[in-house]
Amino acid sequence: MRNRRKNCRRESPNKPGKFGVLRLSICNKLCYAVGGAPYQITGCALGFFLQIYLLDVAQLDPFYASIILFVGRAWDAITDPTVGFLVSRSPWTRFGRMLPWILLSTPLAVLSYFLIWYVPPFEDGKVIWYLVFYCLFQTLQTCFHVPYSALTMFISSEQKERDSATAYRMTVEVLGTVIGTAVQGQIVGMANAPCVPVPSDITDKLGNSSASLPTAGPEINTSEPAISLEHTRAAYMIASGVICAIYILCAVVLFFGVREQKEPMSFFQGIRLVMGHGPYAKLVTGFLFTSLAFMLLEGNFALFCSYTLGFRNDFQNILLVIMLSATLAIPFWQWFLTRFGKKTAVYVGTTSVVPFMILVVCVKSNLIVTYFVSFAAGVGVAAAFLLPWSMLPDVVDDFKVQNPDSTGHEAIFYSFYVFFTKFASGVSLGISTLSLDFAGYITRGCSQPEEVDLTLKLLVSAAPIVLILVGLLIFISYPINEEVRQGNRKLLQEQR
């Protein structure tokens, strides 16, 4: 049998195979998957580090930081359906309808992202600076991410091919979170400016100066620091520059490595049908609560490690362990959902992180235990990444079966799903930062009041657990199981 070389240039991205099924090469799937990395790399860097950057590096008041985080995410959520509408109304080009949006938004997106991590040389307009560039970046990234998410339905008409491409995408996206955490965390960690002792720290140190036993809590360094705040600010800019370069590279690979199928699209005609589709409403609502849980954990874990656990110089490594664990767990969850079904994977995967959320706040501060808990928690984080995006195509197929005459509404499904999750993210970050302000958070303090420690424990443990349980209760009524999914697949094949 003659051997055939498969590559992006020589093989058509959507090549008909037996029975007219459109096949994707491994190279096509990899190029498609690479396009998901920029959203996760920048999202992870912003999610883990922006809050602590605004508070301790830009030195904004917690109240203003909460406004920036909330308004930025809320604006980001509003732009999703807007961009979805604009994408659906944009004309078809020889490159497709989605890919031009991805390519043209990239240069301005990386510029605005870089300026988020720059501390302007003035004080009065700092809040406006960060708010403008944060909102601008979120808008431009939406112009990348919404078309990319909808592209899932346009790279192949075959569910199996889309599921396979989604698995590649989820693996690369979780790898993107590792890259984002590693680049941002390790570069910034090497230039971490010392904390500023608060009066209670100095009093405690003087009171224990005659004792020979070591004291618990973060080390207080009152000598002249070798690393200044300016070094830390420069490190954030270097990290953002590296991430911007990766962002551009991924966008280029996606643009030249993927081709989309041409299908008619409309927007207003389908909004009512899409939003009224029962499985979609239940899926979005369930993942809204579970996503909010993980966003609370993500947004506050760096502060929790730095102040409550006292690992100020190790938190970036702890975050990296979580993301590495999540990357390694993706193949397992892909096998699990194939073997036991996606709905079962939701219950097992989401609940697997709950014991470790409890353990991390109940066990006395210990670095080895924290690393172990972080590694185990990463397994559940992988499920949270993989499952929503693997289940959305099933809902779209179910919609097509029930509405065979309605076509071209894929962008609506994805844009509104992203809208709800981003809005929840804005609410979570705004409320959590505002809660820290009410609790008496001290900028760059070597220690925090007990109220802040309690607030951080609630934000990374109690509140996420409650949200996860609510989300799982909603999933009980989610109707698309493996039997329904296979039935929809057969019906769609017959329609085609």
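Residues numbered from 1 in each chain as written. Predicted model: local features only at pLDDT ≥ 70, side-chain atom pairs only at ≥ 80, totals over all residues. Heavy atoms only, no water.

**Some words on the overall build of the protein chain**
- Looking only at helices and strands, the protein chain has 17 helices and two strands in total.
- Within the span of the protein chain, comprising 496 residues, buried residues form 57% of the whole.
- Considering only contacts within the protein chain whose residues lie at least 6 apart along the sequence, 84% involve residues at least 24 apart.
- Carbon and sulfur atoms make up 66% of the accessible area of the protein chain, which amounts to about 21,200 Å² in all. (Helix = DSSP H or I, 4+ residues; strand = E, 2+ residues; numbered from the N terminus. Buried < 20%, exposed > 50% of the residue type's maximum accessible area, 1.4 Å probe, protein only. Contact = heavy atoms within 4.5 Å. Areas by Shrake-Rupley, 256 points an atom, 1.4 Å probe, with all protein chains shown as cover.)

**Some points on the environment of Phe 372**
- Summarising the element assignment, Phe 372 is placed in helix α14 (residues 367–402).
- Among the residues examined, Phe 372 registers a relative accessible area of 54% and is labelled exposed.
- Linking Phe 372 and Val 321, residues 51 residues apart in sequence, is a C-alpha distance of 8.9 Å.

**Regarding the packing of helix α5 (residues 126–150) against helix α8 (residues 229–257)**
- At a closest axis distance of 13 Å, the pairing of α5 and α8 adopts a crossing angle of 20 degrees. It follows that α5 is roughly parallel to α8 by the angle criterion. α5 and α8 meet at a crossing whose hand is left-handed. Two secondary-structure elements touch here, α5 through Lys 126, Phe 137, Gln 141, Phe 144 and Tyr 148 and α8 through Arg 233, Tyr 247, Ala 251 and Leu 254.
- Across the contact of α5 with α8, the residue classes break down as six nonpolar, one polar and two charged. (Axes fitted to C-alpha atoms, helices over the stretch in contact; angles between N-to-C directions. Parallel < 35°, antiparallel > 145°, perpendicular 65-115°, else oblique. Left-handed = near helix turned anticlockwise from the far one by under 90°. Nonpolar A, V, L, I, M, F, W, Y, C, P; charged D, E, K, R; others polar.)

**Things to note about helix α12 (residues 342–351)**
- Of all the residues in α12, the buried ones are Lys 342, Ala 345, Val 346, Gly 349 and Thr 350. Projection of α12 onto a plane perpendicular to its axis shows the buried side chains occupying an angular sector of 105 degrees, all on one side. (Arc of directions from axis to C-beta.)

**Points about unusual backbone geometry**
- With phi around 60 degrees, Gln 59 is a residue other than glycine that occupies positive phi space.
- In this fold, Gln 59 is placed in the loop between α2 (37–57) and α3 (62–89).

**A closer look at the nonpolar core**
- Ranked by size, the top nonpolar core spans 141 residues in total, and within it Leu 50, Tyr 53, Leu 54, Trp 117, Tyr 130 and Leu 151 carry the most contacts.
- Residue contributions to this core peak at 15 residues, all from helix α10 (residues 278–308).
- Residues lining this core come from more than one domain, with at least three contributed by each of domain 1 (24–193 + 228–259) and domain 2 (266–495).
- Setting aside its immediate chain neighbours within four residues, Leu 151 contacts Tyr 32, Met 98, Leu 99, Leu 254, Val 258 and Glu 260. (Core = buried A, V, L, I, M, F, W, Y, C linked by side-chain atoms within 4.5 Å. Domains from an automatic or database assignment.)

**Comments concerning the pattern of salt bridges**
- Following the criterion strictly, the structure yields four salt bridges and no others.
- In this structure, Lys 126 and Glu 123 form a salt bridge, with 3.3 Å as the shortest nitrogen-oxygen distance.
- Residue Lys 126 is classed as buried on the basis of its relative accessible area, which comes to 2%.
- The residue Arg 233 makes a salt bridge to Glu 230 at a minimum N-O spacing of 3.3 Å. Of the two residues, Arg 233 and Glu 230 both sit in helix α8, three residues apart, roughly one turn of that helix. (Salt bridge = Lys/Arg side-chain N within 4 Å of Asp/Glu carboxyl O.)

**Some details on the packing of aromatic side chains**
- Within the structure shown, the criterion is met by 25 aromatic pairs.
- Between the aromatic rings of Trp 117 and Tyr 236, the centroid separation amounts to 5.5 Å while the plane-to-plane angle is 10 degrees, which identifies the pairing as stacked. One end of the pair, Trp 117, is in the loop between α4 (99–116) and α5; the other, Tyr 236, is in helix α8, with 119 residues separating them in the sequence.
- Relative accessible area serves as the criterion here: at 3%, Tyr 236 is assigned to the buried category.
- Here the aromatic rings of Phe 475 and Tyr 478 are separated by 6.4 Å at their centres, their planes lie at 85 degrees, and the arrangement is edge-to-face. When sorted by exposure, Phe 475 lands in the same class as Tyr 478, which is buried.
- Through a chain of ring-to-ring contacts, three or more aromatic side chains come together here, namely Tyr 53, Tyr 113, Trp 117, Tyr 130, Phe 137 and Tyr 236.
- The ring centre of Phe 340 lies 5.0 Å from the NZ or CZ of Arg 339, which sits over that ring. (Phe/Tyr/Trp six-rings, centres within 6.5 Å; stacked < 30°, edge-to-face > 60°. Lys NZ or Arg CZ within 6 Å of the ring centre and 35° of its normal.)

**Focus on the confidence of the model for the protein chain**
- Mean pLDDT for the protein chain: 78, with 82% of residues reaching 70 or above.
- For the protein chain, per-element mean pLDDT is lowest for strand β1 (residues 15–16), which scores 46, and highest for α4, which scores 92.
- Throughout residues 1–7 the model reports pLDDT below 50, and contacts reaching past four residues in sequence, or to other chains, amount to four contacts.
- Counting contacts from residues 209–224, a segment whose pLDDT is below 50, to residues more than four positions away or on other chains yields nine contacts. (pLDDT = per-residue confidence, 0-100.)

**Quick word on the packing of α10 against helix α16 (residues 450–475)**
- One can describe the packing of α10 onto α16 by two numbers: an axis separation of 8 Å at closest approach and a directional angle of 165 degrees. Comparing their axes, α16 and α10 come out roughly antiparallel. Crossing of α10 over α16 shows left-handed handedness.
- Here the contact of α10 with α16 is built from residues that sort into 22 nonpolar, six polar and three charged.

**Comments concerning the side chain of Thr 142**
- Position of Thr 142 among the secondary structure elements: in helix α5.
- At 3.2 Å, the side chain of Thr 142 and the side chain of Thr 79 are in polar contact.
- Once residues lying within four places of it in the same chain are set aside, the contact partners of Thr 142 are Asp 76, Thr 79, Asp 80, Val 83, Pro 147 and Lys 422. (Polar contact = N/O pair within 3.5 Å; in protein donor to acceptor, adjacent residues only side chain to side chain.)

**Things to note about helix α13 (residues 354–362)**
- Taken as a whole, α13 has its buried residues at Val 354, Met 357, Val 360 and Val 361. An end-on view of α13 places all buried positions within 130 degrees of arc, on one side of the element.

**Looking at the environment of Thr 421**
- One can find Thr 421 in helix α15 (residues 410–439).
- Each C-alpha atom, one on Thr 421 and one on Phe 287, is 7.9 Å from the other, the two residues being 134 residues apart in sequence.
- Not counting residues up to four positions away in its chain, the partners in contact with Thr 421 are Leu 288, Ser 291 and Met 295.

**A closer look at the environment of Gly 380**
- The topology assignment puts Gly 380 in helix α14.
- Note on Gly 380: relative accessible area 0%, which makes it buried.
- In this structure the C-alpha to C-alpha distance between Gly 380 and Ser 352, which are 28 residues apart in sequence, comes to 5.5 Å.
- For Gly 380, the residues in contact, after removing those within four places along its chain, are Phe 294, Gly 349, Ser 352 and Val 353.

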